[in-house]
Amino acid sequence: MAHVRITAESGIPLVGSLYFGIIDRGTSLLQVRPSCGCNLNCPFCSVDAGPCSKTRATSYEVDLEYLLSAVEEIAPFKGAGVECHIDSPGEPLMYSRLPELVAALKNTDAVSIVSLQTNGTLLDDARITALAAAGLDRVNLSLHALDPALARTLAGVDWYDINQVTGAAGAVVKSSMDLLIAPVYLPGINDAEIPKIIGFAQECGAGKRFPPLGIQKFERYRYGRTPKGVKVQSWWQFFNRSIKVWEKETGLHLHLDAGRDFGTVRRPSLPQVFTKGEKTTVEIRAPGWIHGEQLGVARNRVVSVSGCDKTSGQVRVKIVATKNNIYVGVPV
C-alpha cells in the first residue's frame, strides 16, 4: 500500500476528498480527518479499511500545521460555536500528533467543541491523560458487542480485547472528557448485544454532558463490507422497530437529534467550485484511496478520479459527484 504525506508543499488541497482533510456538510460541525490508517478489519466496515482490505491502495497522513491552517481558515467562515469532530475512514488514534491537534483546535477562534471518534483499542492511560489535558470534550467510542467472542468477530482481529476497551471507557468517564458509546446495530448479528451495551453505558457513567449513546444503522456501501447474515433495515424499521423498543425498555432517549442533543445547527457551506456534469481538467497529484483511482487537483479542490490509468500530468474529467464539496470525476 502506498503512503502519501500531505503537506502544504504537496500541492494537494484539504477540501474535496472523503479520505482526509476537512469535510463541511453545511452545519456547525466540521469533520477533521488527519489520517486514514486502521488497525481493525471490521466485517461491516463502510470503506473496506484495515490491514486485510481488498480495495485500499493508499493511506494518507496530513501534516499537522497544514491541517490546522485549513481549520483556521474554514472555522471562522462557519461562525462561532463550531464543533471539530476528529474522525477518519480508519482509526484517528493512529495519528501520532493527535493530542497536539486537539489542543490547537481548542485554541482556534470559532471552535468551541472538539470530539473524537475511536474504536478504543489504542486508548491507554497515557493517551487518555494526554487527550484530556489537551482539552478534548468528547470521545465517541465504537463498541458493537460485549460478548468477547462476538466482539472479536466484529473487530476482525484475534487480538481484540473487549475488557481493555471497556476499561478505557471507564477511564474516559473518570477524566474531564465525556463519553458517547456508538455501536453499529447489525440486525441478525448483534441484536442481543445492543441492550447490554445500553446497560453498560448507563453503568459506566457515559453521557455527562452529551447523550450516552448514539446507535448507528448499518448501511451497505459500494466499496464497503457486508457481513454474512445481516438483515438490512429501512430507516423506518430502524427507528420504529428497534430504537423505539429500546427506548421503551430502558427509558433512555435514543433517537438523537443533532441540534437538540449536540447543538449542531445549519450553517452556510463552503461554496462549491464544480457542478455535477461539468467537464474540467485536473492535475494528477497522488494515487487514490482504492485501486484504479487517482487524486486530481483543480480550483484548489481535490477530485477523486475513478478508472484513471494516468499517474501524473493533466487529465480531462467529467464531474459525477459534488455533494458536500466532495468531488468525484471520471476521465473523458
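For the structure, see preceding data.
A few points on the structure. (Residues numbered from 1 in each chain as written. Predicted model: local features only at pLDDT ≥ 70, side-chain atom pairs only at ≥ 80, totals over all residues. Heavy atoms only, no water.)

**Section: helix α7 (residues 235–250)**
Piece 1. A rise of 1.5 Å per residue sets the reference length of α7, with its 16 residues, at 22 Å; its end C-alpha atoms lie 21 Å apart and thus fit the reference within 8%.
Piece 2. Its maximal kink placed at Ile243, α7 deviates by approximately 30 degrees.
Piece 3. All buried positions along α7 are accounted for by Phe238, Ser242, Ile243, Trp246 and Glu247.
Piece 4. Check the buried side of α7 and you find it contacts β9 (184–185), α6 (193–204) and β10 (216–217).
Piece 5. Among the residues trailing α7, Gly251 stands out with phi positive, at a value near 75 degrees. (Helix = DSSP H or I, 4+ residues; strand = E, 2+ residues; numbered from the N terminus. Expected span 1.5 Å × (residues − 1). Bend = angle between axes of the 7 residues up to and from the residue. Buried < 20%, exposed > 50% of the residue type's maximum accessible area, 1.4 Å probe, protein only. Contact = heavy atoms within 4.5 Å.)

**Points about helix α1 (residues 64–78)**
Because each turn of an α-helix spans 3.6 residues, side chains separated by three or four positions end up pointing in the same direction.
Piece 1. For α1, with 15 residues, the first-to-last C-alpha span of 21 Å sits near the 21 Å given by 1.5 Å per residue.
Piece 2. Where α1 begins, one side-chain oxygen reaches toward the backbone nitrogen of Glu65, 3.3 Å away; that side chain belongs to Asp63.
Piece 3. After α1 finishes, the residue Gly79 shows a positive phi value of roughly 100 degrees. (Polar contact = N/O pair within 3.5 Å; in protein donor to acceptor, adjacent residues only side chain to side chain.)

**A look at the state of the cysteines**
One way to say it: the disulfide is the covalent bond shared by the sulfur atoms of two cysteines.
Piece 1. As enumerated under the stated definition, the model contains zero disulfides in all.
Piece 2. Of all cysteine sulfurs in the structure, the one in Cys38 sits closest to Cys52, which takes part in no disulfide; the separation is 11 Å.
Piece 3. Cysteine Cys204 remains unbridged, with the sulfur of Cys42 as its closest cysteine sulfur at 20 Å. (Disulfide = S-S within 2.5 Å.)

**Focus on the nonpolar core**
Side chains of nonpolar character tend, in soluble globular proteins, to be buried together.
Piece 1. Core analysis: the largest hydrophobic core is formed by 90 residues, its most contacted members being Phe20 and Leu179.
Piece 2. Broken down by element, this core gets its largest block of residues, eight residues, from α1.
Piece 3. Here Phe20 is in contact with Ile6, Ile12, Pro13, Leu14, Arg33, Tyr60, Val62, Leu295 and Val302, once residues within four sequence places are set aside.
Piece 4. If you look at the next biggest cluster of nonpolar residues, it comprises 11 residues, including Val282, Ile284, Val305 and Val317. (Core = buried A, V, L, I, M, F, W, Y, C linked by side-chain atoms within 4.5 Å.)

**Brief notes about the pairing of strand β7 (residues 138–141)**
Look at any regular strand and the pattern is simple: side chains alternate between the two faces of the sheet.
Piece 1. Residues Arg138 and Asn140 of β7 are buried on one face, and the alternating residues Val139 and Leu141, pointing to the opposite face, are buried as well.
Piece 2. Bridge count between strand β6 (residues 111–118) and β7: four bridges; the pairing is parallel. Along β7, the bridge assignment pairs Ser115 with Arg138. (Pairing = 2+ DSSP bridges.)

Functional significance is not addressed by these values, which are geometric in nature.
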